[in-house]
Amino acid sequence: MFSDRATIYAAAGRGGDGAVAFRREKFVPRGGPSGGDGGDGGSVILVADPSLRDLTNVRNNPHLKAEDGHSGEGSNRTGSMGLDTIIPVPVGTQVLDDDEVVIVDLAAPGASATIAHGGHGGSGNRRFRTSVRQAPRTAEFGGLGDDYTLVLQLKLLADAALLGFPNIGKSSLLRRISNAKPKVADYPFTTIEPVLGIVDLAVDRQITVMDVPGLLEGAAEGHGLGLDFLAHLERAKLLLHVVDAGLPVEESIEAFVAIHRELELYQEDLSTRPRLVVLNRIDLSGEADRDVLVNELAEALDALGDISALRNVLRDEATGKPSIVPVSCVTGEGVPELMSTLGRVVPEPEITPAAEAELAQYLVYRPGRSGSANVRVLRDETGVRIIGATIEEDLKRMDDEAATQAVAHYVETRRLTPLLVRAGGKNGIIVKIGDREVPYRV
Ligand SMILES: Nc1nc2c(ncn2[C@@H]2O[C@H](COP(=O)(O)OP(=O)(O)OP(=O)(O)O)[C@@H](O)[C@H]2O)c(=O)[nH]1
Ligand SMILES: [Mg+2]
């Protein structure tokens, strides 16, 4: 089954804790603090991999967890960093936030995005040495890593996409022009998932063409296999609208309009996408009839007037009427002409500075913060000190009872409880935030 959507749980690694240690050497009775820093936690990173077709991988393994950083040690030894978890996803994968807004678009092969950043390693006690405190017993807990639930969605990228009723020969055409071998059979809905093929137009020019399941009237409301696959057409630069030379002209026009309406219902922008009309199965009519058929079709399409499908339909330069490219997938006739037309009309890829800037932005993208990346937690002999807590100002105005409650709530919502347990929270400790010190017990 083709998976184009998956919910993932990305948990970056926690930073390692800073160590409390003192130098012990012969003849140095009171060695200085030598607790090393913890290593940073690993991050969760997605990378666009052209060899992947869909999101089945992540769908089956949705828990993406990066390694925790290691704690610092004595003798100023820094803990090693947690390993990043790097997950390959298909090119065209988008990451959505809670509001279904696209926050990352891995549209180019090799593009990557860090979706959960590892926590920073905690400072060891040697960093807390001051002129008045030569032997600090304070060290920092490692920071928490980001922890997000995100939705991945795949919208395939293709230069051109085949469009048409079921059983009209779309897959046959893709087999003819590309390296892809989608199944062909004489019944509707043979194709049940999108297939991408690479078309060699010239030695140095390749384009991708996508075959999707046939569309029916009502597709935009979910009839047939429609709705699921309309989304994949969204990012095709050109639509190859296939019509059938075996049908009377009026029926072909009806079919053309029916498909067009579905695109319009689904998305206005899609209905005006540049479009090339391909007339398949010309082997079914005699040579002489072909030109007549092509002309009649062009006239009839033109007579449809101002429908959005015709706004960007490719037109014959001489007549100004919609271009119709006749082909036969059985005999191969017309296929070379179709390929050369594609070479002319499919836009060359261009990397604009704007596109590059956009890509760069995605690479450093960081989802909205739920965690506590800017919070630092130091532990000492009596408990912990939390630096950077958003409640620091509020606490100044609270009485003792309210402050104790506010701190407990803060610890809970910022997911700091495990740290405070490690600091001895089960027996009761003191939590210091700003000028305030409150008792805390898990
Ligand atoms: N005579 C003739 N038959 C064709 C031609 N192209 C395709 N066919 C036949 O039409 C039937 C359907 O072809 P497919 O390529 O599976 O059609 P499709 O549009 O991909 O169909 P779905 O995937 O079901 O939407 C098959 O039996 C093909 O052999 C053609 O140019 N001439
Ligand atoms: Mg097919």
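Residues numbered from 1 in each chain as written. Chains lettered and ligands numbered in written order. Predicted model: local features only at pLDDT ≥ 70, side-chain atom pairs only at ≥ 80, totals over all residues. Heavy atoms only, no water.

What about the side chain of threonine 138?
Keep this limit in mind: Going along the chain from the N terminus, every DSSP run of H or I of four or more residues is numbered as a helix, and every run of E of two or more is numbered as a strand. Here's how the labels work: a residue is buried when its accessible area is under 20% of the maximum for its type, exposed when over 50%, partly exposed in between, all with a 1.4 Å probe on protein chains only. Note on contacts: a residue pair is in contact if any heavy atoms of the two residues lie within 4.5 Å.
Looking at the secondary structure, you find threonine 138 in the loop between β7 (112-116) and β8 (139-141). With a relative accessible area of 7%, threonine 138 lands in the buried category. Ignoring sequence-local partners within four residues, the contact set of threonine 138 consists of Val20, Gly124, Asn125, Phe128, Arg133, Leu378, Arg379 and Asp380.

Some details on the domain arrangement of the protein
What counts here: Where each domain starts and ends follows an automatic or database-derived domain assignment. When two parts are brought into contact, each loses some accessible area as probed by a 1.4 Å sphere; the total of that loss over both is the buried area. What makes a salt bridge here is a side-chain nitrogen of Lys or Arg within 4 Å of a carboxyl oxygen of Asp or Glu, nothing more.
Along its sequence, the protein is carved into domain 1 (1-155), domain 2 (158-345) and domain 3 (374-442). On a C-alpha basis, the centres of domain 1 and domain 3 stand 24 Å from each other. Contact between domain 1 and domain 3 buries roughly 1,300 Å² in total, counting both sides, with carbon and sulfur atoms accounting for 51%. Our count for the contact surface shared by domain 1 and domain 3 stands at three salt bridges. Linking aspartate 147 and arginine 415 is a salt bridge whose minimum nitrogen-to-oxygen distance equals 3.4 Å.

Some points on the sheet that holds strand β11 (residues 195-202)
Quick note on the threshold: Following DSSP output, two strands are said to pair if at least two bridges run between them. Here an axis means a line fitted to C-alpha atoms, over the contact stretch when the element is a helix, while the angle between two N-to-C directions is reported on a 0 to 180 degree scale.
Read across the open sheet, the six strands follow the order β11-β12-β10-β13-β14-β15; overall the sheet is mixed. A single partner strand is all that each edge strand has here, and the edge strands are β11 and β15 (324-326). With direction set aside, neighbouring strand axes in the sheet form an average angle of 30°. By the bridge criterion, six bridges tie strand β13 (residues 236-244) to strand β14 (residues 275-280) in an arrangement that is parallel. Along β14, the bridge assignment pairs valine 242 with valine 278. Here helix α2 (residues 170-177) sits on the sheet and contacts β10 (158-163), β11, β12 (205-211), β13 and β14; the angle it forms with β12, its principal contact strand, is near 160°. This element, helix α8 (residues 335-345), spans β11, β12, β13, β14 and β15 of the sheet and lies at about 90° to β11.

Points about the environment of glutamate 412
Mapped onto the elements, glutamate 412 comes out in helix α11 (residues 400-413). Residue classification places glutamate 412 among the exposed positions, given a relative accessible area of 55%. Once the C-alpha coordinates of glutamate 412 and valine 442 are considered, the two residues, 30 residues apart in sequence, prove to be 9.7 Å apart.

Points about the nonpolar core
How we decide: Each nonpolar core is a collection of buried residues, namely Ala, Val, Leu, Ile, Met, Phe, Trp, Tyr and Cys, held together in the definition by side-chain atoms within 4.5 Å.
Leu46 and Leu233 are the most contacted members of the largest nonpolar core, which totals 42 residues. When residues of this core are assigned to their parent elements, the largest contribution, four residues, is made by strand β9 (residues 147-154). Residue-level mapping places this core at the junction of two domains, with at least three residues from each of domain 1 (1-155) and domain 2 (158-345). Once you skip the residues sitting within four places of it in the chain, leucine 46 turns out to touch Leu64, Ile87, Val89, Val95, Leu106, Ala111, Ser112, Ala113, Ile115 and Leu152.

A closer look at the pairing of strand β5 (residues 93-96)
Burial along β5 is two-sided: Thr93 and Val95 and Gln94 and Leu96, pointing in opposite directions, are all buried. Bridge count for β5 against strand β6 (residues 102-106) is four bridges, and the pairing is antiparallel. Each residue of the ladder has a partner; that of glutamine 94, found in β6, is aspartate 105. From the end of β5 to the start of β6, which pair antiparallel, there are five residues, and glutamate 100 there has a positive phi angle of about 65°. Of the pairings in the sheet, the one linking β5 to β9 comprises four bridges and is antiparallel in character. Among the inter-strand pairings, valine 95 is bridged to a residue of β9, identified as leucine 152.

Some thoughts on the packing of aromatic side chains
For the record, the criterion: For this analysis, a ring pair means two rings from Phe, Tyr or Trp (six-membered ring only for Trp) whose centres lie within 6.5 Å, classed as stacked if their planes differ by under 30 degrees, edge-to-face if by over 60, and tilted for the remaining angles. Comment: the charge-over-ring label is applied if NZ (Lys) or CZ (Arg) is within 6 Å of the ring centre and within 35 degrees of the ring normal.
The final tally for this structure, using the stated rule, is zero aromatic pairs. The positively charged end of arginine 379 is found above the aromatic ring belonging to phenylalanine 141, 5.1 Å away from the centroid.

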